[in-house]
Amino acid sequence: MIAMYDSGLGGLSVWRAVRAALPAWPITYLADQAYCPYGPRSREEIIERALKISRYLISQGATILVVACNTATTAAITAMREEFSLPIVGIEPAIKPAAAMSQTGRIAVLATEYTLASERVQTLLDAHAEGVDVLRRPGHGWVEQVEAGELSSERTRALVRQVVEPLMGENIDHIALGCTHYPFLEPLIREITGDAIRLYDPAEAIARRVDDLIRQHGVDCQGDSYYRFITTADDAGDMAQRLLQLIGHPYPVESQPLN
Ligand code: DGL
């Protein structure tokens with residue numbers, strides 16, 4: 001079974017792509033909503049959650065694990081790979097293709113403050129963005145608005161405008177979306193950028209990577225093909241409602257407080 005997790009619902013933007021690429025595989029998605037957002041948390045805390053969640057997902061039959069969260073990948077993927085032997089796929093902002101395609105030599109990366117300040121992003125910049133100006137901008141409050149299902153409210157529009165409008169005077173031509181919640185705000189971002197700026201969501205690249213790893217490792221498809229959704233929040237009802245809104249289907253959601 002493919003297991004995926006995020007601090008909350010953002011990883012569903014990756015779930016969509018993985019499901020489309022691998023329709024015959026069972027997928028279990030866990031949203032660590034009791035601890036969302038991860039952005040303001042310490043590295044130690046994010047690692048502790050990652051290890052606990054991984055152990056649980058492996059106990060449920062995971063044969064490949066997708067960290068559908070840039071912040072968790074940044075903080076915890078090394079510790080996860082040290083502890084677990086199953087294939088683990090992480091996610092990082094698409095700085096490489098955005099920088100390579102830029103005609104103006106200026107791009108932006110939008111992510112949590114945690115991700116933006118990380119060594120991982122600095123390494124990506126050093127390796128793939130030499131000679132390109134990369135403007136780093138956190139989407140303040142964006143994760144919370146997606147969690148609340150407010151994808152088009154005036155408050156969300158204002159929070160998006162605050163970040164994206166100033167970028168319009170910066171001569172950038174690409175924006176890398178470095179947080180898995182942000183693709184759900186793409187319609188609001190586009191209201192400002194129009195088609196003048198290309199947005200990069202790495203979800204499809206992650207799905208291809210999962211597909212490749214499954215072939216390379218001969219990973220077993222355990223269980224029937226079905227989709228399971230779990231939240232660490234006490235009340236699973238909220239997430240059930242959001243699923244209809246975010247991925248177009250009201251799957252049942254289980255609550256599993258992993259304390
Ligand atoms: N979706 C996460 C990411 O990709 C969310 C961040 C958070 O929980 O702060 O970074």
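As shown above, the structure is provided for reference.
Source: prediction; values computed, not measured.

Caption draft 1: Up close: the overall build of the chain. A tally of helices and strands in the chain yields 11 helices and 10 strands. Its C-alpha atoms give the chain a radius of gyration of 18 Å, within 12% of the compact-globule value 18 Å for 259 residues. Its C-alpha atoms put the chain at 50 × 40 × 35 Å along the principal axes. Looking at the chain alone, contacts between residues at least 24 apart form 75% of all its contacts between residues at least 6 apart. Roughly 11,200 Å² of accessible area belongs to the chain as shown, and the carbon and sulfur atoms make up 46% of that amount. In the chain, 23 side chains carry a positive charge and 33 a negative one; their mean positions are 2 Å apart.

Caption draft 2: Molecular detail of the site of the ligand. Taken together, Asp6, Ser7, Pro37, Tyr38, Gly39, Cys69, Asn70, Thr71, Thr112, Cys179, Thr180 and His181 are the residues near the ligand. For the ligand, an oxygen atom lies 2.8 Å from a polar atom in the backbone of glycine 39. Starting from 290 Å² of accessible surface for the ligand in isolation, the protein chains cover 99%. Tallied by class, the residues present in the shell around the ligand amount to four nonpolar, seven polar and one charged.

Caption draft 3: Focus on helix α3 (residues 70-83). Here α3 spans 19 Å end to end across 14 residues, near enough to the 20 Å set by a 1.5 Å rise per residue. The axis of α3 is deflected most strongly, by about 60°, at alanine 76. Buried within α3 are the following residues: Asn70, Thr71, Ala72, Thr73, Thr74, Ala75, Ala76, Ile77, Ala79 and Met80. Those residues of α3 hidden inside the fold are in contact with β1 (2-6), α2 (43-59), β3 (64-67), β4 (88-89), α5 (113-116) and α6 (119-128).

Caption draft 4: Layout of unusual backbone geometry. The linkage connecting cysteine 36 with the following residue, proline 37, adopts the cis geometry, with an omega of 0°. Of note, proline 37 is situated in the loop between β2 (27-31) and α2. The backbone of asparagine 171 sits at a positive phi, close to 60°, despite the residue not being glycine. As for its placement among the helices and strands, asparagine 171 is situated in the loop between α8 (154-164) and β7 (174-177).

Caption draft 5: Looking closely at the sheet that holds strand β6 (residues 133-138). Spatially, the four strands line up as an open sheet ordered β6-β5-β7-β8, and their pairing is parallel. If you trace the sheet from one side to the other, it starts and ends with β6 and β8 (198-200), each paired once. For this sheet, the mean angle separating the axes of adjacent strands, direction not counted, is 20°.

Caption draft 6: View of the environment of threonine 78. You can see threonine 78 is positioned in helix α3. Taking the C-alpha atoms as reference points, threonine 78 and alanine 117, separated by 39 residues in sequence, lie 17 Å from one another.

Caption draft 7: Local environment of the pairing of β2. Among the five residues of β2, five are classified as buried, and the element is accordingly described as predominantly covered. Neither face of β2 is open: one carries Ile27, Tyr29 and Ala31, the other Thr28 and Leu30, and all of them are buried. In this fold, β1 hands off to helix α1 (residues 12-21), which returns the chain to β2; that crossover is right-handed. Judged from the five bridges that link them, β2 and strand β9 (residues 227-231) form a sheet pairing that is parallel. Residue leucine 30 lies in a different strand from β9, and its bridge partner there is isoleucine 230.

Caption draft 8: Here's a closer look at α8. By the burial criterion, the buried members of α8 are Thr156, Arg157, Leu159, Val160, Val163 and Val164. With its buried residues spanning 165° around the axis, α8 presents them on a single face. Turned more than 90 degrees from where α8 packs its buried face, Glu154, Arg155 and Gln162 sit exposed. Turning to α8, the residues buried within the fold contact β5 (106-111), β6, α7 (142-147) and α9 (186-193).

Caption draft 9: Spatial organisation of the sheet that holds β1. Read from one edge to the other, the open sheet built from six strands follows the order β4-β3-β1-β2-β9-β10, with strand pairing classed as parallel. Each of the sheet's edge strands pairs with one partner strand only, and the pair in question is β4 and β10 (253-255). Bridge count for β1 against β3 is four bridges, and the pairing is parallel. Paired with tyrosine 5 across the bridge in β3 is valine 67. Strands in contact with helix α11 (residues 237-247) are β2, β9 and β10; relative to β9, the strand with the most contacts, it is inclined by about 130°.

Parameters at a glance
Residues numbered from 1 in each chain as written. Predicted model: local features only at pLDDT ≥ 70, side-chain atom pairs only at ≥ 80, totals over all residues. Heavy atoms only, no water. Helix = DSSP H or I, 4+ residues; strand = E, 2+ residues; numbered from the N terminus. Rg over C-alpha atoms; globule rule 2.2 N^0.38 Å. Contact = heavy atoms within 4.5 Å. Areas by Shrake-Rupley, 256 points an atom, 1.4 Å probe, with all protein chains shown as cover. Lys, Arg positive; Asp, Glu negative; His and termini not counted. Charge placed at Lys NZ, Arg CZ, Asp CG, Glu CD. Near = heavy atom within 4 Å. Polar contact = N/O pair within 3.5 Å; in protein donor to acceptor, adjacent residues only side chain to side chain. Nonpolar A, V, L, I, M, F, W, Y, C, P; charged D, E, K, R; others polar. Expected span 1.5 Å × (residues − 1). Bend = angle between axes of the 7 residues up to and from the residue. Buried < 20%, exposed > 50% of the residue type's maximum accessible area, 1.4 Å probe, protein only. Pairing = 2+ DSSP bridges. Axes fitted to C-alpha atoms, helices over the stretch in contact; angles between N-to-C directions. Right-handed = clockwise from strand over helix to strand, strands pointing away. Arc of directions from axis to C-beta.

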